[in-house]
Structures are given as C-alpha cells and as structure tokens.
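For reference, the chains in residue letters:
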Amino acid sequence: MNIHRILERAGLRPTLPRVLVLEFFHQHAHEHFSAEQVYKSLNGETRNMSLGTLYRALGLLVDNKLLNSVALGEERLVYELNDGKPHDHLVCTACGGIREFFDEQIDERQRAIAGEFEFEVSGRQLVLFGLCAECRKGRVLVRTVTRK
Ligand SMILES: [Zn+2]
Ligand SMILES: [Zn+2]
C-alpha cells in the first residue's frame with residue numbers, strides 16, 4: 001500500500017504529518033490509539049510534529065474517512081484505521097482493553113431503524129463497557145485471596 005497514493009486519491013496533499021499519521025495506522029490496523037499515544041509513538045522518530053499539527057492531521061483524516069474516531073465514554077477518544085468494515089467495540093473499564101466485534105443482526109437492525117426514521121446514516125457507534133475475561137479472572141482471584 002502506498003500512503004501517498006491513498007492520500008492523493010482522497011484529494012489530500014501528502015504532507016509529512018499526514019503521511020506519518022496514516023502510515024502509523026496502516027502499520028497498526030485493528031488497533032486503537034488516543035492522540036497522545038500517536039504523538040508519543042511518532043515523536044520517537046520525528047520529534048518535530050507538534051500536538052496541534054497531529055490533531056489537525058487526525059481531524060482531516062477522519063473527515064476524509066481514512067480514519068475513524070471512536071468515543072469510548074466521555075473522557076476517552078481513540079482513532080483507528082477505517083478499513084470500510086463497520087464494527088462495534090467492547091471496552092474493559094479495568095484494563096482499558098478494546099475488542100472489536102461485528103454482528104450481522106445488529107447491523108441489519110441498525111439499517112432497519114434508520115430506514116424507519118428515513119435517516120441517512122453517516123456513522124455508527126455501539127460500545128459495551130464492562131470487564132474483560134482476564135480482568136474478571138483477576139477479580140475472582142482477589143476475592144478468594146481477601147476472603148482468607
Ligand atoms: Zn480488562
Ligand atoms: Zn475498532
């Protein structure tokens with residue numbers, strides 16, 4: 001995949017910050033990062049991209065549907081590569097882990113509901129919050145230990 005070509009096809013000039021940011025997400029497909037995390041990873045190599053520049057690049061890539069931004073509650077916003085496949089997220093409130101899932105029936109129901117309301121959908125977000133399997137195991141362990 002050629003990052004320059006992808007940007008040009010989206011009608012965007014392939015400036016260095018845009019190339020670096022998009023390249024980063026292509027290298028980490030199916031992963032989710034906050035702006036701060038991207039900033040830290042990229043600044044390891046470049047050291048010259050300001051946080052403002054990064055936010056502008058992220059915003060532009062989201063506007064042009066090359067990246068998705070996903071709000072995970074009120075405090076947390078992450079970005080991911082938009083590979084054109086709709087999916088939803090499970091977020092662990094203990095470790096912060098994010099898992100993706102896709103369910104045909106949820107997808108169909110969302111389409112049907114949008115149709116009922118004559119609503120043109122531009123995005124979707126369904127996030128389940130709770131404890132992941134690993135954290136649940138850990139909690140059970142803590143409980144049995146403290147009981148003694
Ligand atoms: Zn967890
Ligand atoms: Zn995702």
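All values reported here derive from a predicted model rather than from experimental measurement.

Caption draft 1: Structural detail: the environment of leucine 54. By the secondary structure assignment, leucine 54 is in helix H4 (residues 51–63). Residue classification places leucine 54 among the partly exposed residues on the basis of 19 C-beta atoms within 10 Å. Spatially, the C-alpha atoms of leucine 54 and valine 38 are 8.3 Å apart, while their sequence positions differ by 16 residues. Leave out the neighbours within four places in its chain, and leucine 54 touches Pro17, Val21, Ala35, Val38, Tyr39 and Met49.

Caption draft 2: Highlighting the domain arrangement of the chain. Here the chain is described as being made up of domain 1 (1–84) and domain 2 (87–148). At the interface, six residues of domain 1 touch seven residues of domain 2. Of the residues in the side of domain 1 that touches domain 2, the class split is three nonpolar, three polar and no charged.

What counts, and at which threshold
Residues numbered from 1 in each chain as written. Chains lettered and ligands numbered in written order. Predicted model: local features only at pLDDT ≥ 70, side-chain atom pairs only at ≥ 80, totals over all residues. Helix = DSSP H or I, 4+ residues; strand = E, 2+ residues; numbered from the N terminus. Buried ≥ 20, exposed ≤ 12 C-beta atoms within 10 Å, placed from the backbone. Contact = placed C-beta atoms within 7 Å. Domains from an automatic or database assignment. Nonpolar A, V, L, I, M, F, W, Y, C, P; charged D, E, K, R; others polar.

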